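Coordinates in review
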Amino acid sequence: MEAVEIETGSPPRAAVIWLHGLGADGHDFEPIVPELRLKQAVRFVFPHAPVRPVTINQGMRMRAWYDIFQFGGGREDEKGIRESQKLLEKLVEEQPVPPEKIVLAGFSQGGAIVLQTALRYPKPLAGVMALSTYLPIAGRLEAERNAANAGIPVFMAHGQLDDLIPIQRAQASRDALQKLGYKPEWHEYPMPHSVCGDEVRDISAFLARLL
């Protein structure tokens, strides 16, 4: 899978695989690397999603981890979600560091894919960051989750003014994770469907603790 790759030092001791949102590409979160001010040598991988038609955008072709049939929830593109899960699992295996040194991060659609993948992954991962997103095919998680990541550190962040994915949907996802015994670290900010400075500082602190 094509990706933008940045290393903050050599050889890297850990990796962060960071998935962009709908219609963006791997360059979207590239500028965040220096802002995180990490002291560790970390390999950042920003993959480009495949190009596909997206129903909510009149079938226009764009980079997307899965199709979205309507705004605000409802029927989900389970096939597309699982295909992207497989792509991400392959990317984890290709890294020069072991899974327990890898954090999966994602924004919006990308965040849905990292939650989908991390909680089902058969080897312990370092952590997962779900930004401005929700838990996809949530009803399947209890049956499909893997004990290897039962205690995975989970960082969830959302904008109180998000009009694309309302914060209530993210809070419901957080509550669903808590019911299954996960302990998500929850953050909310007075922002729309985006990322803000305070959030970047909180992400930096989370990564510094894990890596």
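A few points on the structure. In this text the structure is predicted, and so the values were computed from the model without any measurement.

1. With respect to the pairing of strand S6 (residues 102-107)
Among the six residues that make up S6, six are buried, leaving the element largely enclosed by the rest of the structure. The two faces of S6 match: Ile102, Leu104 and Gly106 on one face and Val103, Ala105 and Phe107 on the other face are all buried. Here five bridges tie strand S2 (residues 14-19) to S6, and the two strands are oriented parallel to one another. The residue bridging Val16 from the neighbouring strand is Val103, located in S6. With five bridges joining them, S6 and strand S7 (residues 127-131) adopt parallel strand pairing. In the strand pairing of S7, Gly106 is matched with Ala130.

2. Quick notes on helix H2 (residues 78-94)
Helix length check: H2 (17 residues) gives 25 Å between terminal C-alpha atoms against 24 Å at 1.5 Å per residue, within 8%. Looking at H2, one finds that the buried residues are Gly80, Ile81, Ser84, Gln85, Leu88, Glu89, Leu91 and Val92. The secondary structure elements touched by the buried residues of H2 are S2, strand S3 (42-47), strand S4 (51-54), S6 and helix H3 (109-118).

3. Quick notes on the pattern of salt bridges
It is possible for side chains of opposite charge to pair when their charged atoms get near one another. Applying the stated criterion across every chain yields a total of twelve salt bridges. Arg43 is paired through a salt bridge with Glu7; the nearest N and O atoms lie 3.1 Å apart. With a gap of 36 residues between them, Arg43 in strand S3 and Glu7 in strand S1 (residues 3-7) connect regions that are remote in the sequence. Glu7 sits in the partly exposed class, given a relative accessible area of 39%. Taking the shortest distance from any N to any O, the salt bridge between Glu78 and Arg82 comes out at 3.0 Å. A residue pair is termed a helical-turn pair when its members lie 3 or 4 positions apart in one helix, as Glu78 and Arg82 do in helix H2 at four residues. A relative accessible area of 23% means that Arg82 is categorised as partly exposed.

4. Some words on H3
The element H3 is largely enclosed, with a buried count of ten among its ten residues. Listed in full, the buried residues belonging to H3 are Gln109, Gly110, Gly111, Ala112, Ile113, Val114, Leu115, Gln116, Thr117 and Ala118. Here the buried face of H3 lies against S2, H2, S6, S7, strand S8 (154-159) and helix H5 (167-179).

5. Looking at the sheet that holds S2
In a beta sheet, neighbouring strands are held together by backbone hydrogen bonds and run either parallel or antiparallel to one another. Sheet architecture is open: seven strands sit in the order S1-S3-S2-S6-S7-S8-S9, paired in mixed fashion. Across the chains shown, the open sheet's two edge strands, defined by having one partner strand only, are S1 and strand S9 (185-189). If you compare each strand with its neighbour and ignore which way they point, the axes differ by 15 degrees on average. On the sheet, helix H6 (residues 197-210) packs against S2, S6, S7, S8 and S9 and is oriented at approximately 170 degrees with respect to S7.

6. A look at the packing of aromatic side chains
The final tally for this structure, using the stated rule, is five aromatic pairs. Here the aromatic rings of Trp18 and Phe46 are separated by 6.2 Å at their centres, their planes lie at 40 degrees, and the arrangement is tilted. Residue Trp18 is found in strand S2, and its partner Phe46 is found in strand S3; the two are separated by 28 residues along the sequence. Exposure remark for Phe46: the relative accessible area of 1% places this residue in the buried category. Consider the rings of Phe155 and Phe206, whose centres lie 5.2 Å apart with planes at 50 degrees: the pair is tilted.

Conventions and cut-offs
Throughout, a residue's number is its position along its own chain's written sequence, starting from 1. Where totals are concerned, whole chains, interfaces and linings use all residues; where local detail is concerned, this predicted model gives features only for residues with pLDDT of at least 70, and gives and counts side-chain atom pairs only at 80 or more. Values shown for side chains rest on all heavy atoms present in the structure; no hydrogens or waters enter the calculation. Any residue under 20% of the maximum accessible area for its type is buried, any over 50% is exposed, and the rest in between are partly exposed; the area is computed with a 1.4 Å probe on protein chains only. Secondary structure elements follow DSSP: runs of H or I of four or more residues count as helices, runs of E of two or more count as strands, with numbering from the N terminus. Whether two strands pair comes down to DSSP finding at least two bridges between them. Given the number of residues in a helix, its expected span is that number minus one, multiplied by 1.5 Å. By definition, residues are in contact when any of their heavy atoms lie within 4.5 Å. The rule for a salt bridge is simple: a side-chain nitrogen of Lys or Arg has to be within 4 Å of a carboxyl oxygen of Asp or Glu. Axis angles are defined between N-to-C directions and span 0 to 180 degrees, where every axis is a line fitted to C-alpha atoms and, for a helix, only to the segment in contact. The criterion for an aromatic pair is that two Phe, Tyr or Trp rings (for Trp, the six-membered ring) have centres within 6.5 Å, with stacked assigned to planes under 30 degrees apart, edge-to-face to planes over 60 apart and tilted to the rest.

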